[in-house]
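The chain contents come next:
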Amino acid sequence: PQESIMSHSLEELLSQRILILDGAMGTMLQRHKLQEADFRGERFQAHPSDLKGNSDLLVLTRPEVVSGIHEEYLAAGADIIETNTFTATTIAQADYGLEHLVHELNVQASKLAKDAAAKFTAKDPKRPRFVAGSIGPLNKTLSISPSVNDPSFRAVSFPEVEKAYAEQVHGLLEGGCDLLLVETIFDTLNAKAALVAIDKVFAEHGRRIPVVISVTITDKSGRTLSGQTIDAFWVSVAHSNPLSVGLNCALGANE
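Since the structure is predicted, the reported quantities are computational estimates derived from the model, not experimental observations. (Residues numbered from 1 in each chain as written. Predicted model: local features only at pLDDT ≥ 70, side-chain atom pairs only at ≥ 80, totals over all residues. Heavy atoms only, no water.)

**Section: the pattern of salt bridges**
For step 1, the next point in the chain: Tallied over the full model, the rule gives 10 salt bridges.
For step 2, the next point in the chain: Two residues, Asp38 and Arg62, come together in a salt bridge whose shortest N-O distance is 2.4 Å. Of this pair, Asp38 sits in helix α3 (residues 36-40) while Arg62 sits in the loop between α4 (58-61) and α5 (63-75), and the two are 24 residues apart along the sequence.
For step 3, the next point in the chain: The partner of Glu71 in a salt bridge is Lys119, and the shortest N-O contact between them spans 3.0 Å. Of this pair, Glu71 sits in helix α5 while Lys119 sits in helix α7 (residues 102-123), placing them 48 residues apart in sequence.
For step 4, the next point in the chain: On the basis of relative accessibility, which here comes to 42%, the residue Lys119 falls in the partly exposed class.
For step 5, the next point in the chain: One salt-bridge network, in which partners are shared between bridges, spans Arg17, Asp79 and Arg127. (Salt bridge = Lys/Arg side-chain N within 4 Å of Asp/Glu carboxyl O. Helix = DSSP H or I, 4+ residues; strand = E, 2+ residues; numbered from the N terminus. Buried < 20%, exposed > 50% of the residue type's maximum accessible area, 1.4 Å probe, protein only.)

Okay, here's the thing in structure tokens:
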């Protein structure tokens, strides 16, 4: 399949120097002290459930806030910024009754980030900026039962998780992301569903972009929530040939 020009320059740059990824979106949004009306905007004024806290929805209702945060990170020196799509899947958006928005959320979030990146690349063409499509861990897990009384129960199935991730990836690619970030993984089986979905969507689009994976360690034993060591996690995801694999900040800098 045809590789994007950006992926070649991204990998070329990584062979020359360290590239800086942006930081958290959620805490930056919290600084704006947004209220229910901000999340609803004009379009969702009559929506039956509360929307405050649905940060991904802000790409539609307060896009200037999201763009402003992207630009702050770029101005601070980020080479790669993440789309505001951490919960932009049907499974996560079901909490707000907004499953039907998933494609639009991912496309719009990608475009906001791409516009910000292009603006900074134009200022200094020798230092191109990139956009990573943020693919979050979901609020349902394939490896662990949510019911104490029924260890075999699962709130969701592998095909359902794969389908939800595929819908998200279609939107991120359509919006023009340069790489994908399967991030904050606490359940390796969820991650594998995401990686299967990504592979299938790449095949459908006829092109591939780099994939980065970040896993969450939940305590000092150095294991994921579902009990895997770092080595076991790597063995589980290496087949996807990721650009990089790392750990996110679950335990804080000292640990």
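Moving on, there is more to tell.
**A look at the sheet that holds strand β4 (residues 179-185)**
For step 1, the next point in the chain: Taken in spatial order, the five strands make up an open sheet running β2-β3-β4-β6-β7, and their pairing is parallel. Both outer strands of the open sheet, β2 (80-82) and β7 (244-247), are each paired with one neighbouring strand and no more. Across the sheet, the axes of successive neighbouring strands diverge by a mean angle of 25 degrees, strand direction being ignored.
For step 2, the next point in the chain: In terms of strand pairing, β2 meets strand β3 (residues 130-135) through three bridges, oriented parallel. Of the residues in β3, the one forming a bridge with Ile81 is Val131.
For step 3, the next point in the chain: Packing against the sheet, helix α8 (residues 158-174) makes contact with β3 and β4, and its axis sits at approximately 165 degrees to β3. (Pairing = 2+ DSSP bridges. Axes fitted to C-alpha atoms, helices over the stretch in contact; angles between N-to-C directions. Contact = heavy atoms within 4.5 Å.)

**Comments concerning the packing of aromatic side chains**
For step 1, the next point in the chain: Within this structure, the stated rule accounts for zero aromatic pairs.
For step 2, the next point in the chain: A cation over a ring is seen here: Lys123 above Phe120, with NZ or CZ 4.2 Å from the ring centre. (Phe/Tyr/Trp six-rings, centres within 6.5 Å; stacked < 30°, edge-to-face > 60°. Lys NZ or Arg CZ within 6 Å of the ring centre and 35° of its normal.)

**Brief notes about the nonpolar core**
The nonpolar side chains of soluble globular proteins are, as a tendency, buried together.
For step 1, the next point in the chain: Ranked by size, the top nonpolar core spans 59 residues in total, and within it Ile81, Ile135, Val161, Leu180, Val182 and Ile198 carry the most contacts.
For step 2, the next point in the chain: For this core, the element with the most residues is helix α9 (residues 188-205), which contributes eight residues.
For step 3, the next point in the chain: Contact partners of Leu180, with chain neighbours within four places excluded, come to Gly133, Ile135, Val169, Leu172, Ile198, Phe202, Ile209, Pro210, Val211 and Val212.
For step 4, the next point in the chain: Within the second largest apolar cluster, nine residues are counted, among which are Leu10, Leu13, Ile80 and Leu181. (Core = buried A, V, L, I, M, F, W, Y, C linked by side-chain atoms within 4.5 Å.)

**Section: the side chain of Asn54**
For step 1, the next point in the chain: Take Asn54: it is sitting in the loop between α3 and α4.
For step 2, the next point in the chain: What makes Asn54 buried here is its relative accessible area of 0%.
For step 3, the next point in the chain: Here Gln93 takes part through its side chain, which lies 2.9 Å from a polar atom of the side chain of Asn54.
For step 4, the next point in the chain: Apart from the residues lying within four places of it in its own chain, the contact partners of Asn54 are Phe39, Thr87, Gln93, Tyr96 and Leu98. (Polar contact = N/O pair within 3.5 Å; in protein donor to acceptor, adjacent residues only side chain to side chain.)

**Quick look at the packing of α9 against helix α10 (residues 230-237)**
For step 1, the next point in the chain: For the pair α9 and α10, interaxial distance at closest approach is 10 Å and the crossing angle is 20 degrees. The angle between the axes of α9 and α10 places the two elements in the roughly parallel class. For the pair α9 and α10, the sense of crossing is right-handed. Note on element contacts: α10 touches α9 through Phe233, Ser236 and Val237, opposite Thr188, Lys192 and Leu195. (Parallel < 35°, antiparallel > 145°, perpendicular 65-115°, else oblique. Left-handed = near helix turned anticlockwise from the far one by under 90°.)

**Details of unusual backbone geometry**
For step 1, the next point in the chain: A positive phi angle, near 50 degrees, is found at Lys33, a position not held by glycine.
For step 2, the next point in the chain: Structurally, the position occupied by Lys33 is in the loop between α2 (26-30) and α3.
For step 3, the next point in the chain: Backbone geometry places Asn241, a non-glycine residue, at a positive phi of 50 degrees.
For step 4, the next point in the chain: Within the fold, Asn241 resides in the loop between α10 and β7.
For step 5, the next point in the chain: The class for Asn241 is exposed, based on a relative accessible area of 66%.

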